[in-house]
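# Remarks on the overall topology
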Amino acid sequence: MESLKDKVAIVGMGCTPFGEFWDKDPIDLIVDAASEAFQDAGVEAKDIQAAWVGYTSADVAMTGIILASALQLQFIPVTRVENACGTGAETIRGAALGLAAKAYDLVLAVGWDKLKDAGFGGIGQAYPGKWHPVYGAAPEVGGAVARYALAATRYFSKYGLSPEEGKRLLAKISVKSHYNGARNPKAWLQRKITVEEVLNSPIIAWPLGLLDCCGVNDGASAAILCRTEDAKSFRPAGDYITIKGSGIACGPGWGKERTNYDFSTWEETEAAAKQVYAMAGIKNPRKELSMAEVHDCFSIAELIAVESLGICEKGHAKEDLESGAWEQGGEIPVNVSGGLKSFGHPAGASGGREVYEFYKQFQGKAEDSSRQLKDVKLGLAHNQGGHPGNFVCGVTIIGEPPSR
(Lines give C-alpha, C1' and ligand atoms only; values in the text may rest on other atoms or scores of the structure.)
Protein backbone atom coordinates (compact mmCIF):
# COMPACT_ATOMS: atom_id res chain seq x y z
CA MET A 1 0.00 0.00 0.00
CA GLU A 2 1.42 3.37 -1.05
CA SER A 3 1.82 6.09 1.57
CA LEU A 4 0.31 9.57 1.21
CA LYS A 5 3.30 11.08 3.00
CA ASP A 6 4.21 14.51 1.61
CA LYS A 7 2.27 14.02 -1.63
CA VAL A 8 -0.47 16.53 -0.77
CA ALA A 9 -0.19 20.03 0.67
CA ILE A 10 -2.70 22.28 2.43
CA VAL A 11 -2.16 25.79 1.05
CA GLY A 12 -5.14 27.63 2.48
CA MET A 13 -7.48 27.24 5.43
CA GLY A 14 -10.48 28.95 6.98
CA CYS A 15 -12.54 28.38 10.09
CA THR A 16 -15.50 30.26 11.51
CA PRO A 17 -15.85 30.87 15.21
CA PHE A 18 -17.88 28.04 16.74
CA GLY A 19 -21.01 28.89 18.75
CA GLU A 20 -24.73 29.57 18.61
CA PHE A 21 -25.43 31.50 15.41
CA TRP A 22 -29.15 32.10 15.26
CA ASP A 23 -28.62 34.78 12.59
CA LYS A 24 -26.75 32.52 10.18
CA ASP A 25 -27.78 29.53 8.11
CA PRO A 26 -25.52 26.72 6.81
CA ILE A 27 -24.74 28.63 3.62
CA ASP A 28 -23.51 31.61 5.64
CA LEU A 29 -21.15 29.37 7.61
CA ILE A 30 -19.84 27.64 4.48
CA VAL A 31 -19.22 30.98 2.75
CA ASP A 32 -17.45 32.41 5.80
CA ALA A 33 -15.06 29.46 6.18
CA ALA A 34 -14.41 29.00 2.46
CA SER A 35 -13.87 32.73 1.86
CA GLU A 36 -11.14 32.80 4.50
CA ALA A 37 -9.52 29.73 2.89
CA PHE A 38 -9.74 31.19 -0.64
CA GLN A 39 -8.17 34.46 0.50
CA ASP A 40 -5.49 32.60 2.43
CA ALA A 41 -4.53 30.51 -0.62
CA GLY A 42 -4.94 33.37 -3.10
CA VAL A 43 -7.48 31.49 -5.21
CA GLU A 44 -11.14 31.85 -6.16
CA ALA A 45 -14.02 29.40 -6.23
CA LYS A 46 -13.72 29.13 -10.02
CA ASP A 47 -10.20 27.67 -9.58
CA ILE A 48 -11.46 24.65 -7.62
CA GLN A 49 -11.68 21.46 -9.69
CA ALA A 50 -13.41 19.15 -7.18
CA ALA A 51 -14.73 19.42 -3.64
CA TRP A 52 -15.64 17.26 -0.67
CA VAL A 53 -18.20 18.41 1.90
CA GLY A 54 -19.03 16.74 5.21
CA TYR A 55 -21.95 17.31 7.58
CA THR A 56 -24.34 15.33 9.75
CA SER A 57 -27.35 17.68 9.70
CA ALA A 58 -29.39 15.60 7.28
CA ASP A 59 -32.59 17.47 8.13
CA VAL A 60 -31.34 20.83 6.79
CA ALA A 61 -29.34 19.74 3.72
CA MET A 62 -28.68 16.84 1.43
CA THR A 63 -26.00 15.84 -1.10
CA GLY A 64 -23.11 18.08 -2.20
CA ILE A 65 -25.47 20.59 -3.72
CA ILE A 66 -25.41 22.78 -0.62
CA LEU A 67 -21.69 23.44 -1.13
CA ALA A 68 -22.05 24.12 -4.85
CA SER A 69 -24.98 26.43 -4.12
CA ALA A 70 -23.22 28.31 -1.34
CA LEU A 71 -20.03 28.91 -3.36
CA GLN A 72 -21.60 28.89 -6.83
CA LEU A 73 -19.30 26.09 -7.97
CA GLN A 74 -19.91 25.49 -11.66
CA PHE A 75 -20.65 21.88 -12.54
CA ILE A 76 -17.63 20.28 -10.82
CA PRO A 77 -17.65 17.06 -8.77
CA VAL A 78 -18.83 17.70 -5.18
CA THR A 79 -18.88 14.64 -2.95
CA ARG A 80 -20.81 14.63 0.32
CA VAL A 81 -19.29 12.41 3.03
CA GLU A 82 -20.54 11.57 6.50
CA ASN A 83 -18.91 9.50 9.23
CA ALA A 84 -20.66 10.91 12.30
CA CYS A 85 -18.23 12.89 14.48
CA GLY A 86 -15.37 11.60 12.30
CA THR A 87 -16.73 13.41 9.25
CA GLY A 88 -14.12 16.20 9.19
CA ALA A 89 -11.20 13.81 8.80
CA GLU A 90 -13.09 12.08 6.01
CA THR A 91 -13.46 15.26 3.93
CA ILE A 92 -9.72 15.94 4.03
CA ARG A 93 -8.90 12.30 3.33
CA GLY A 94 -11.15 12.23 0.26
CA ALA A 95 -9.67 15.44 -1.09
CA ALA A 96 -6.11 14.18 -0.50
CA LEU A 97 -6.78 10.90 -2.29
CA GLY A 98 -8.26 12.76 -5.28
CA LEU A 99 -5.04 14.74 -5.58
CA ALA A 100 -2.75 11.76 -5.01
CA ALA A 101 -4.55 9.94 -7.82
CA LYS A 102 -3.79 12.98 -10.01
CA ALA A 103 -7.46 13.24 -10.92
CA TYR A 104 -7.40 16.94 -9.95
CA ASP A 105 -4.84 19.68 -9.27
CA LEU A 106 -6.66 21.94 -6.78
CA VAL A 107 -9.48 20.83 -4.48
CA LEU A 108 -11.56 22.02 -1.55
CA ALA A 109 -12.59 20.20 1.64
CA VAL A 110 -15.34 21.75 3.78
CA GLY A 111 -16.93 20.51 6.99
CA TRP A 112 -19.88 22.22 8.62
CA ASP A 113 -22.82 21.63 10.90
CA LYS A 114 -25.67 23.73 12.29
CA LEU A 115 -26.78 21.65 15.24
CA LYS A 116 -28.37 24.44 17.31
CA ASP A 117 -31.21 24.50 14.76
CA ALA A 118 -32.18 20.92 15.59
CA GLY A 119 -34.84 22.00 18.05
CA PHE A 120 -33.46 19.93 20.93
CA GLY A 121 -30.34 19.86 23.09
CA GLY A 122 -27.47 17.44 22.63
CA ILE A 123 -27.20 14.76 19.96
CA GLY A 124 -30.26 13.22 18.44
CA GLN A 125 -31.10 9.58 19.03
CA ALA A 126 -30.08 7.22 16.25
CA TYR A 127 -32.73 4.82 15.05
CA PRO A 128 -35.38 5.51 17.75
CA GLY A 129 -36.89 2.28 19.06
CA LYS A 130 -34.61 0.11 16.94
CA TRP A 131 -31.61 -0.49 19.19
CA HIS A 132 -31.56 -2.67 22.31
CA PRO A 133 -31.17 -0.69 25.57
CA VAL A 134 -27.71 -2.27 26.02
CA TYR A 135 -26.44 0.27 23.48
CA GLY A 136 -27.49 3.14 25.73
CA ALA A 137 -28.62 5.11 22.71
CA ALA A 138 -31.95 6.34 24.04
CA PRO A 139 -32.01 9.64 25.96
CA GLU A 140 -33.99 8.03 28.80
CA VAL A 141 -31.05 5.73 29.55
CA GLY A 142 -28.42 8.41 29.15
CA GLY A 143 -27.57 8.62 25.46
CA ALA A 144 -24.02 9.54 24.46
CA VAL A 145 -22.82 10.70 27.87
CA ALA A 146 -23.94 7.47 29.56
CA ARG A 147 -21.96 5.41 27.10
CA TYR A 148 -18.80 7.35 27.91
CA ALA A 149 -19.58 7.19 31.63
CA LEU A 150 -19.30 3.40 31.34
CA ALA A 151 -15.77 3.90 29.99
CA ALA A 152 -14.88 6.24 32.85
CA THR A 153 -15.98 3.86 35.63
CA ARG A 154 -14.25 0.96 33.89
CA TYR A 155 -11.03 3.02 33.64
CA PHE A 156 -11.20 3.91 37.34
CA SER A 157 -11.69 0.25 38.29
CA LYS A 158 -8.99 -1.12 35.99
CA TYR A 159 -6.31 1.31 37.14
CA GLY A 160 -7.14 1.42 40.83
CA LEU A 161 -8.56 4.93 41.08
CA SER A 162 -11.14 5.61 43.74
CA PRO A 163 -14.29 7.36 42.47
CA GLU A 164 -13.06 10.60 44.03
CA GLU A 165 -9.57 10.26 42.51
CA GLY A 166 -10.99 9.43 39.11
CA LYS A 167 -13.42 12.31 39.04
CA ARG A 168 -10.75 14.79 40.15
CA LEU A 169 -8.41 13.45 37.45
CA LEU A 170 -11.01 14.03 34.75
CA ALA A 171 -11.66 17.52 36.11
CA LYS A 172 -8.04 18.45 35.36
CA ILE A 173 -8.71 17.77 31.66
CA SER A 174 -11.67 20.17 31.55
CA VAL A 175 -9.72 22.83 33.44
CA LYS A 176 -6.85 22.55 30.94
CA SER A 177 -9.18 22.79 27.93
CA HIS A 178 -10.98 25.85 29.30
CA TYR A 179 -7.67 27.56 30.12
CA ASN A 180 -6.59 27.07 26.50
CA GLY A 181 -9.98 28.03 25.06
CA ALA A 182 -10.20 31.18 27.16
CA ARG A 183 -7.38 32.64 25.03
CA ASN A 184 -8.71 31.44 21.67
CA PRO A 185 -10.94 34.08 20.03
CA LYS A 186 -12.68 31.49 17.87
CA ALA A 187 -13.67 29.28 20.82
CA TRP A 188 -17.26 29.26 22.07
CA LEU A 189 -16.68 29.06 25.84
CA GLN A 190 -13.88 31.51 26.61
CA ARG A 191 -13.84 31.17 30.38
CA LYS A 192 -11.37 29.59 32.74
CA ILE A 193 -12.81 27.14 35.25
CA THR A 194 -11.50 25.46 38.39
CA VAL A 195 -11.31 21.85 39.49
CA GLU A 196 -13.86 22.60 42.19
CA GLU A 197 -16.30 24.01 39.65
CA VAL A 198 -16.00 20.84 37.58
CA LEU A 199 -16.45 18.61 40.64
CA ASN A 200 -19.53 20.53 41.72
CA SER A 201 -21.19 20.84 38.32
CA PRO A 202 -24.50 18.98 37.89
CA ILE A 203 -24.08 15.28 37.21
CA ILE A 204 -25.22 14.20 33.73
CA ALA A 205 -24.20 10.52 33.96
CA TRP A 206 -21.89 9.71 36.88
CA PRO A 207 -19.00 10.40 37.00
CA LEU A 208 -19.44 12.87 34.14
CA GLY A 209 -20.85 16.23 35.15
CA LEU A 210 -21.88 19.17 33.01
CA LEU A 211 -18.31 20.53 32.84
CA ASP A 212 -16.98 17.14 31.71
CA CYS A 213 -19.09 17.40 28.55
CA CYS A 214 -18.76 19.42 25.35
CA GLY A 215 -21.81 21.02 23.81
CA VAL A 216 -22.97 20.78 20.23
CA ASN A 217 -23.24 24.00 18.22
CA ASP A 218 -22.65 25.65 14.84
CA GLY A 219 -19.52 26.18 12.75
CA ALA A 220 -17.59 25.41 9.56
CA SER A 221 -14.00 24.78 8.48
CA ALA A 222 -12.40 24.68 5.03
CA ALA A 223 -9.11 23.63 3.45
CA ILE A 224 -7.59 24.21 -0.02
CA LEU A 225 -5.32 21.38 -1.11
CA CYS A 226 -2.97 20.70 -4.03
CA ARG A 227 -0.15 18.29 -4.77
CA THR A 228 3.00 19.22 -2.92
CA GLU A 229 5.02 19.94 -6.07
CA ASP A 230 2.54 22.77 -6.84
CA ALA A 231 2.36 24.24 -3.33
CA LYS A 232 4.96 26.98 -3.77
CA SER A 233 2.98 28.46 -6.65
CA PHE A 234 0.33 29.30 -4.02
CA ARG A 235 2.62 29.97 -1.05
CA PRO A 236 6.09 31.02 -2.32
CA ALA A 237 7.32 31.54 1.23
CA GLY A 238 6.86 27.84 1.90
CA ASP A 239 4.44 28.38 4.78
CA TYR A 240 2.18 25.49 3.83
CA ILE A 241 1.82 22.09 5.46
CA THR A 242 1.84 18.59 4.00
CA ILE A 243 -0.18 15.54 4.90
CA LYS A 244 2.08 12.89 6.40
CA GLY A 245 -0.67 10.33 6.93
CA SER A 246 -4.45 10.07 6.76
CA GLY A 247 -6.35 7.04 8.02
CA ILE A 248 -9.86 5.91 8.86
CA ALA A 249 -10.69 2.84 10.96
CA CYS A 250 -14.26 1.61 11.24
CA GLY A 251 -14.75 -1.03 13.94
CA PRO A 252 -16.95 -4.10 13.50
CA GLY A 253 -19.36 -2.49 15.95
CA TRP A 254 -20.08 -5.40 18.29
CA GLY A 255 -18.09 -4.25 21.29
CA LYS A 256 -21.03 -4.12 23.67
CA GLU A 257 -21.93 -7.73 22.81
CA ARG A 258 -18.41 -8.96 23.60
CA THR A 259 -17.78 -10.16 27.13
CA ASN A 260 -14.11 -9.17 26.74
CA TYR A 261 -14.77 -5.63 25.52
CA ASP A 262 -12.65 -3.45 27.79
CA PHE A 263 -14.16 0.05 27.46
CA SER A 264 -10.83 1.58 28.57
CA THR A 265 -9.23 1.51 25.11
CA TRP A 266 -10.55 2.86 21.81
CA GLU A 267 -9.71 -0.01 19.44
CA GLU A 268 -10.64 2.02 16.34
CA THR A 269 -8.30 4.83 17.43
CA GLU A 270 -5.48 2.33 17.87
CA ALA A 271 -6.14 0.97 14.36
CA ALA A 272 -6.29 4.41 12.71
CA ALA A 273 -3.14 5.49 14.55
CA LYS A 274 -1.33 2.38 13.34
CA GLN A 275 -2.26 3.31 9.74
CA VAL A 276 -1.04 6.90 9.93
CA TYR A 277 2.08 6.24 11.98
CA ALA A 278 3.14 3.70 9.32
CA MET A 279 2.48 6.25 6.55
CA ALA A 280 4.30 9.03 8.37
CA GLY A 281 7.15 6.87 9.63
CA ILE A 282 6.42 7.76 13.24
CA LYS A 283 7.94 5.37 15.77
CA ASN A 284 7.46 7.34 18.99
CA PRO A 285 4.46 9.70 18.76
CA ARG A 286 5.08 11.21 22.19
CA LYS A 287 8.57 12.32 21.20
CA GLU A 288 7.97 13.09 17.53
CA LEU A 289 4.67 15.02 17.64
CA SER A 290 4.73 18.74 18.44
CA MET A 291 1.05 18.80 19.44
CA ALA A 292 -2.15 16.74 19.29
CA GLU A 293 -5.77 17.79 18.86
CA VAL A 294 -7.95 14.90 20.01
CA HIS A 295 -11.68 14.20 20.15
CA ASP A 296 -12.68 15.29 23.65
CA CYS A 297 -16.46 15.16 23.49
CA PHE A 298 -16.17 14.17 27.17
CA SER A 299 -13.20 14.47 29.52
CA ILE A 300 -12.79 10.69 29.63
CA ALA A 301 -12.76 10.66 25.82
CA GLU A 302 -9.59 12.77 25.76
CA LEU A 303 -7.87 10.62 28.37
CA ILE A 304 -8.55 7.32 26.61
CA ALA A 305 -7.83 8.80 23.15
CA VAL A 306 -4.38 10.00 24.20
CA GLU A 307 -3.56 6.58 25.62
CA SER A 308 -5.01 4.76 22.58
CA LEU A 309 -2.93 6.96 20.25
CA GLY A 310 0.20 5.77 22.05
CA ILE A 311 1.05 9.29 23.23
CA CYS A 312 0.74 8.14 26.83
CA GLU A 313 1.30 4.64 28.16
CA LYS A 314 -1.98 2.96 29.08
CA GLY A 315 -2.98 3.57 32.67
CA HIS A 316 -0.48 6.41 33.10
CA ALA A 317 -2.62 9.43 32.20
CA LYS A 318 -2.72 10.29 35.90
CA GLU A 319 1.02 10.98 35.98
CA ASP A 320 0.81 13.08 32.81
CA LEU A 321 -2.10 15.17 34.02
CA GLU A 322 -0.53 15.76 37.43
CA SER A 323 2.81 16.77 35.87
CA GLY A 324 1.21 19.08 33.28
CA ALA A 325 2.62 17.05 30.37
CA TRP A 326 -0.48 17.76 28.22
CA GLU A 327 -0.56 21.49 28.95
CA GLN A 328 0.72 24.21 26.58
CA GLY A 329 4.21 24.23 28.04
CA GLY A 330 4.24 20.49 28.69
CA GLU A 331 5.99 17.63 26.99
CA ILE A 332 3.17 17.05 24.46
CA PRO A 333 0.46 19.76 24.33
CA VAL A 334 -3.00 18.22 23.91
CA ASN A 335 -5.93 20.33 22.70
CA VAL A 336 -4.03 23.59 22.95
CA SER A 337 -6.89 25.09 20.91
CA GLY A 338 -9.30 24.46 23.78
CA GLY A 339 -10.62 21.30 22.17
CA LEU A 340 -14.23 20.37 21.65
CA LYS A 341 -14.74 21.24 25.31
CA SER A 342 -14.21 24.96 24.67
CA PHE A 343 -15.14 25.14 21.01
CA GLY A 344 -18.26 22.99 21.09
CA HIS A 345 -18.84 20.38 18.45
CA PRO A 346 -20.54 21.04 15.11
CA ALA A 347 -19.70 17.46 14.15
CA GLY A 348 -18.84 17.92 10.48
CA ALA A 349 -16.57 20.90 11.16
CA SER A 350 -14.49 19.70 14.09
CA GLY A 351 -11.94 17.62 12.14
CA GLY A 352 -11.02 20.52 9.88
CA ARG A 353 -10.85 22.86 12.86
CA GLU A 354 -8.29 20.57 14.50
CA VAL A 355 -6.09 20.70 11.38
CA TYR A 356 -6.62 24.49 11.24
CA GLU A 357 -5.14 24.76 14.74
CA PHE A 358 -1.95 23.02 13.61
CA TYR A 359 -1.84 25.08 10.38
CA LYS A 360 -1.94 28.36 12.32
CA GLN A 361 0.47 27.15 15.01
CA PHE A 362 2.94 26.01 12.33
CA GLN A 363 2.76 29.41 10.61
CA GLY A 364 3.27 31.19 13.94
CA LYS A 365 -0.17 32.79 13.59
CA ALA A 366 -2.03 31.73 16.72
CA GLU A 367 -4.58 34.53 17.11
CA ASP A 368 -3.50 35.27 20.69
CA SER A 369 0.29 35.34 20.95
CA SER A 370 0.13 33.77 24.42
CA ARG A 371 -1.20 30.58 22.76
CA GLN A 372 1.67 30.28 20.25
CA LEU A 373 3.73 27.10 20.55
CA LYS A 374 7.44 27.03 19.75
CA ASP A 375 9.14 24.91 17.11
CA VAL A 376 5.96 23.32 15.71
CA LYS A 377 6.83 20.68 13.12
CA LEU A 378 4.45 17.71 13.32
CA GLY A 379 0.85 17.51 14.52
CA LEU A 380 -1.98 15.02 14.93
CA ALA A 381 -5.73 15.57 14.50
CA HIS A 382 -8.07 12.87 15.86
CA ASN A 383 -11.80 12.57 15.07
CA GLN A 384 -14.09 9.85 16.32
CA GLY A 385 -17.75 9.11 15.73
CA GLY A 386 -20.07 6.57 17.31
CA HIS A 387 -19.72 5.26 20.87
CA PRO A 388 -17.52 2.85 22.84
CA GLY A 389 -17.68 -0.53 21.13
CA ASN A 390 -18.97 0.97 17.90
CA PHE A 391 -16.66 3.72 16.62
CA VAL A 392 -15.36 5.07 13.32
CA CYS A 393 -12.12 6.98 13.82
CA GLY A 394 -10.13 9.30 11.59
CA VAL A 395 -6.56 10.41 12.28
CA THR A 396 -4.62 12.94 10.20
CA ILE A 397 -0.91 13.66 10.60
CA ILE A 398 0.25 16.99 9.20
CA GLY A 399 3.60 18.70 9.31
CA GLU A 400 6.24 20.91 7.80
CA PRO A 401 7.00 20.35 4.10
CA PRO A 402 9.99 18.08 3.38
CA SER A 403 12.25 20.65 1.73
CA ARG A 404 11.53 23.55 4.01
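Let us look at the packing of aromatic side chains. Considering all chains together, one arrives at 11 aromatic pairs under this definition. Centre to centre, the rings of Y55 and W112 are 4.6 Å apart; their planes meet at 25°, and the pair counts as stacked. On the criterion of sequence distance, the pair formed by Y55 in the loop between β2 (50–54) and α2 (65–71) and W112 in strand β4 (residues 106–114) is long-range, its members being 57 residues apart. On the basis of relative accessibility, which here comes to 0%, the residue Y55 falls in the buried class. For the ring pair Y155 and Y159, a centre distance of 4.6 Å and an interplane angle of 50° mean the geometry is tilted. Its relative accessible area of 26% is what places Y159 among the partly exposed residues. Through a chain of ring-to-ring contacts, the aromatic side chains of Y148, W266, F298 and F391 assemble into a single cluster. Here the guanidinium or amino end of R80 rests over the ring plane of Y55, the centre of that ring lying 4.0 Å away. The ring of F343 has R353 sitting right over it, with the charged end atom 4.3 Å from the ring centre.

Moving on: helix α1 (residues 26–41). With 16 residues, α1 should reach 22 Å at 1.5 Å per residue; the first-to-last C-alpha distance of 23 Å fits that figure. Every buried residue of α1 is accounted for by P26, L29, I30, A33, A34, A37, F38, D40 and A41. Projected onto a plane normal to the axis of α1, the buried residues spread over an arc of 160° and lie on a single side. Between the side-chain oxygen of the N-cap and the backbone nitrogen of I27 there are 3.0 Å, and the N-cap of α1 in question is D25. Within two residues after α1, G42 carries a phi angle of roughly 75°, on the positive side.

Cut-offs applied
- Residues numbered from 1 in each chain as written.
- Predicted model: local features only at pLDDT ≥ 70, side-chain atom pairs only at ≥ 80, totals over all residues.
- Heavy atoms only, no water.
- Phe/Tyr/Trp six-rings, centres within 6.5 Å; stacked < 30°, edge-to-face > 60°.
- Helix = DSSP H or I, 4+ residues; strand = E, 2+ residues; numbered from the N terminus.
- Buried < 20%, exposed > 50% of the residue type's maximum accessible area, 1.4 Å probe, protein only.
- Lys NZ or Arg CZ within 6 Å of the ring centre and 35° of its normal.
- Expected span 1.5 Å × (residues − 1).
- Arc of directions from axis to C-beta.
- Polar contact = N/O pair within 3.5 Å; in protein donor to acceptor, adjacent residues only side chain to side chain.

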